[in-house]
Amino acid sequence: MKGSFLSFLITAGLLLACGSDPTEQSATAATPADSIAQPAPSPPPPAGRDTSDLERQLIAQGLVDIHQLDTSIRLDMRYSTPNNFLKEDVYGDFDRCYLQPAVAERLAQAQAYLEAEHPDLRLIVFDCVRPRSVQYQMWDIVKGTDQQDYVAPPGGTGSMHNYGAAVDLGLWQLDTGLVDMGTPFDFFGPLAQPRYETDFLRSGELTAAQVQHRHILRLSMKAAGFHGILSEWWHFVGFPRDTVKRRFQIVE
Ligand SMILES: [Zn+2]
C-alpha cells in the first residue's frame, strides 16, 4: 500500500485511537448482558503500600485492582512512565491496573484460559481505567500538535477506558519477555490494525508468527467475553458498548 491510500488508512486509524472504533468485533453473542456477575467490591489495598489520591478515588468508586484477582498478570503501565507516545507520565505515582469488578473477573478468566493453552505465556497490561481527568491531561499535551488525532477529545461520550471497562494489553513469554506482535503498543498506523492483518501477512510486512501471537491474545480475550476492535491489536472491552454505558459510570 502506498500514496494516498496509505494516507487514508493512517488517517482512519488515528481518528479511531484507543477504543473509539464503532466496529467492535462481536465475540460474545452467547453472553447475555443481564447475566453479568458483579463480584464484591475491592478490599482496601495491602497495608504498607502507598495509595495515591487517584487510587483512593478508584476504590471509592468500586473499582478493583486486577492483582487482587490474579497476580500472574504482568503490569507495564505505560502512561505512568514517559515510555508512551506522549513521552510524559500522566498518572504520577499511580501505576496499578484498576477495572470494574466484572471486567477484572473477565480479565482473570482470560489469563486462566491463556495459561491453560500456553503455560509459558502471561498477559501483560499497558493501560486499564483511565479517568476522564487523565484524558483531559493527555488532550492538553497533544492539542495543536501533530499527535492531536491520537487522543479522543475528552468532551464526548467517553472512551471505554474512562468507564474502567477497557484494557490495553499484550503477551509476555516467561523466558524471552515481551512477545512480538508486529508493532509496539500505541503504534498508530495500519500495521497495528487487525483489519489489515491478512494484507500485511501477504505483503510480508507482518510475519506468520506475529499474526499468530495476535490470534492467541484475541482467542484468550474472546474466551473470557471481551470484544476486540479493528483498529488496535491491544485494545479490548469487557462488554458491548451499550452495556458498558448502561451499567457503569465514567470515572472522573
Ligand atoms: Zn485502549
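Computed from a predicted structure; not experimentally measured. (Residues numbered from 1 in each chain as written. Predicted model: local features only at pLDDT ≥ 70, side-chain atom pairs only at ≥ 80, totals over all residues.)

**Some thoughts on the environment of Gln193**
If you trace the backbone, Gln193 turns up in the loop between strand E6 (177-178) and helix H5 (197-203). Expressed as a C-alpha distance, the spacing of Gln193 and Leu230, which sit 37 residues apart in the sequence, is 5.8 Å. (Helix = DSSP H or I, 4+ residues; strand = E, 2+ residues; numbered from the N terminus.)

**Some words on the nonpolar core**
In a soluble, globular protein the nonpolar side chains are often hidden away together inside. Counting 42 residues, the largest nonpolar core has Leu99, Leu107, Val125 and Ala165 as its most contacted members. Elements with a contribution of two residues or more to this core: strand E3 (98-99), helix H3 (101-117), strand E4 (121-127), strand E5 (166-173), helix H6 (208-223) and strand E8 (235-237). Ranked by residue count, the leading element in this core is H3, at 6 residues. When neighbours within four sequence positions are excluded, Ala165 is seen to be in contact with Gln100, Val103, Met160, Val237, Gly238, Phe239, Val244 and Phe248. (Core = buried A, V, L, I, M, F, W, Y, C linked by C-beta atoms within 7 Å. Buried ≥ 20, exposed ≤ 12 C-beta atoms within 10 Å, placed from the backbone. Contact = placed C-beta atoms within 7 Å.)

**Section: H3**
Compared with the 24 Å implied by 1.5 Å per residue over 17 residues, the 25 Å span of H3 between its first and last C-alpha is a close match. For H3, the set of buried residues is Pro101, Ala102, Val103, Ala104, Glu105, Arg106, Leu107, Ala110, Gln111 and Leu114. Looking at the buried residues of H3, the elements they touch are strand E1 (64-65), E3, E4, E5 and H6. (Expected span 1.5 Å × (residues − 1).)

**Some points on unusual backbone geometry**
Peptide bonds are, in most cases, trans, and in most cases residues other than glycine have a negative phi. In this model, Lys87 sits at a positive phi of 60 degrees, which is unusual for a non-glycine residue. You can see Lys87 is positioned in the loop between strand E2 (74-75) and E3. The class for Lys87 is exposed, based on 10 C-beta atoms found within 10 Å. A positive phi angle is found at Asp186, which is not glycine, with a value near 65 degrees. Mapping Asp186 onto the fold places it in the loop between E6 and H5.

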